[in-house]
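# Overview (structure and organization)
Below are the chains, spelled out letter by letter.
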Amino acid sequence: MAVEVKRYAFTVDEFHRMARAGIFAEDERVELIEGDIIEMTPIGPEHSACVDRLTEFFITQLRGRAIVRVQSPIRLGERSEPVPDLAVLRRREDFYRQNLPGPDDTLLVIEVSDTSLAYDQQVKIPLYGRSGIPEAWVVDLNGRTLTAYRQPHSQGYRQALTFGPDGAVAPLAFPDLVLNVGWLFG
């Protein structure tokens, strides 16, 4: 006999109210994915170094052209507020002071994965694609690859291009920025 269990899907507004009420510890790393509050995996030194390399690369190259956000939320509708490792946003003079950026503001998201690879590929990347974000990258620290997901559609992305340490990739929004993949791994 099957038991039907109803799940309560939180909204972004409820998620924010819980945070303001102190339900989450100040240093607790959580994100809202399709109504579920998800505990994010811890960040290790290799992960941090890769995020730092990406941050330096994009900030240096995009100064005055885009906003680069590190481990900050983006709002994807009423029930999702993921926290990508890095997001490249359309430049706005107010730096999104009044509201979080959404899919129309987001040019590229990047997830750096070591223990979270399956989750990033199976949950977060399809969510970014369904939301209409034009491009998402996953840096696989263990496999030493970068996969660029492009052409968003209702199930995720139509295209996935994987580059090894000898490869190079440029974001669709900034084709003049060529990133040597091997450099990410030190």
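You'll find the structure just up there.
We now turn to the structure provided with this report. (Residues numbered from 1 in each chain as written. Predicted model: local features only at pLDDT ≥ 70, side-chain atom pairs only at ≥ 80, totals over all residues. Heavy atoms only, no water.)

## Comments concerning the sheet that holds strand β4 (residues 86-90)
Taken in spatial order, the 6 strands line up as β3-β4-β5-β6-β7-β8 in an open sheet, and their pairing is mixed. With one partner strand each, in any of the chains shown, β3 (66-70) and β8 (156-163) form the two edges of the open sheet. On average, each strand axis in the sheet is tilted by 20° relative to the strand beside it, whichever way the strands run. Relative to strand β6 (residues 135-140), strand β5 (residues 106-113) runs parallel, the two being bridged by 5 bridges. Bridging from a neighbouring strand, Val109 pairs with Ala136 of β6. Across the face of the sheet, helix α2 (residues 45-62) comes into contact with β3, β4, β5 and β6 while running at roughly 155° to β5. (Pairing = 2+ DSSP bridges. Helix = DSSP H or I, 4+ residues; strand = E, 2+ residues; numbered from the N terminus. Axes fitted to C-alpha atoms, helices over the stretch in contact; angles between N-to-C directions. Contact = heavy atoms within 4.5 Å.)

## Quick look at the pairing of β3
Of all 5 residues that make up β3, 4 are buried, and the element is covered over most of its length. Pairing analysis gives 5 bridges linking β3 to β4, with the strands arranged antiparallel. Across the sheet, the residue bridging to Ala66 is Arg90, located in β4. (Buried < 20%, exposed > 50% of the residue type's maximum accessible area, 1.4 Å probe, protein only.)

## Some points on the packing of aromatic side chains
One pass over the full model with this rule turns up 6 aromatic pairs. Both rings, one in Tyr8 and one in Phe10, keep their centres 5.1 Å apart while their planes meet at 75°; by these two values the pair is edge-to-face. For Tyr8, a relative accessible area of 52% puts it in the exposed group. On the numbers, 5.1 Å between centres and 85° between planes, the contact of Phe57 with Phe58 is edge-to-face. Phe58 sits in the buried class, given a relative accessible area of 0%. A connected cluster of aromatic rings, assembled from ring pairs, spans Phe57, Phe58, Trp137 and Trp183. The lysine or arginine in question, Arg53, covers the ring of Trp183, its NZ or CZ lying 5.2 Å from the ring centre. (Phe/Tyr/Trp six-rings, centres within 6.5 Å; stacked < 30°, edge-to-face > 60°. Lys NZ or Arg CZ within 6 Å of the ring centre and 35° of its normal.)

## Topic: helix α3 (residues 117-131)
With 15 residues, α3 should reach 21 Å at 1.5 Å per residue; the first-to-last C-alpha distance of 20 Å fits that figure. Along α3, the largest kink reaches about 30° and is centred on Lys124; proline Pro126 follows within four residues of it. Residues Leu117, Asp120, Lys124, Ile125, Pro126, Leu127, Tyr128 and Gly129 constitute the buried set of α3. Its buried side turned inward, α3 meets β1 (30-33), β5, β6, β7 (145-153) and β8. (Expected span 1.5 Å × (residues − 1). Bend = angle between axes of the 7 residues up to and from the residue.)

## Some points on the environment of Asp94
Within the secondary structure layout, Asp94 lies in the loop between β4 and β5. On the basis of relative accessibility, which here comes to 34%, the residue Asp94 falls in the partly exposed class. Distance from Asp94 to Phe10, taken between C-alpha atoms, is 29 Å for residues 84 residues apart in sequence. Here Arg92 takes part through its side chain, which lies 2.9 Å from a polar atom of the side chain of Asp94. A distance of 3.0 Å separates the side chain of Asp94 from the backbone nitrogen of Tyr96, its partner in a polar contact. (Polar contact = N/O pair within 3.5 Å; in protein donor to acceptor, adjacent residues only side chain to side chain.)

## Here's the deal with α2
An α-helical segment advances 3.6 residues per turn. Residues three or four places apart therefore align on the same side. With 18 residues, α2 ought to run about 26 Å at 1.5 Å a step, and its terminal C-alpha atoms sit 25 Å apart, in line with that. Three or more residues of α2 are buried, namely His47, Cys50, Val51, Leu54, Thr55, Phe57, Phe58 and Leu62. The arc enclosing the buried residues of α2, seen along the axis, measures out at 165°, which places them on a common side. Exposed positions of α2 whose direction lies more than 90 degrees from the buried face are Pro45, Asp52 and Glu56. (Arc of directions from axis to C-beta.)

## Describing a negative patch on the surface
Together, Glu26, Asp27, Glu28 and Glu39 line one region of the surface with negative charge. As for its position among the elements, Asp27 is in the loop between α1 (12-20) and β1. (Patch = residues over 30% accessible without salt bridge, like charges linked within 9 Å, V, L, I, M, F, W, Y side chains within 5 Å. Areas by Shrake-Rupley, 256 points an atom, 1.4 Å probe, with all protein chains shown as cover. Salt bridge = Lys/Arg side-chain N within 4 Å of Asp/Glu carboxyl O. Lys, Arg positive; Asp, Glu negative; His and termini not counted. Charge placed at Lys NZ, Arg CZ, Asp CG, Glu CD.)

## Overview of the nonpolar core
Core analysis: the biggest nonpolar cluster contains 27 residues, and Leu54, Phe58, Val88, Trp137, Val139 and Leu146 have the highest contact counts within it. Mapped by element, the contributors of at least two residues to this core are α2, β3, β4, β5, β6 and β7. Looking at which element gives the most residues to this core, the answer is α2, with 6 residues. For Trp137, the contacting residues outside a window of four places in its chain are Phe58, Leu108, Val109, Ile110, Glu111, Leu146, Thr147, Ala148, Val169, Ala170, Pro171 and Leu179. Ile67, Ile74, Leu117 and Tyr149 belong to the second largest nonpolar core, which has 17 residues in total. (Core = buried A, V, L, I, M, F, W, Y, C linked by side-chain atoms within 4.5 Å.)

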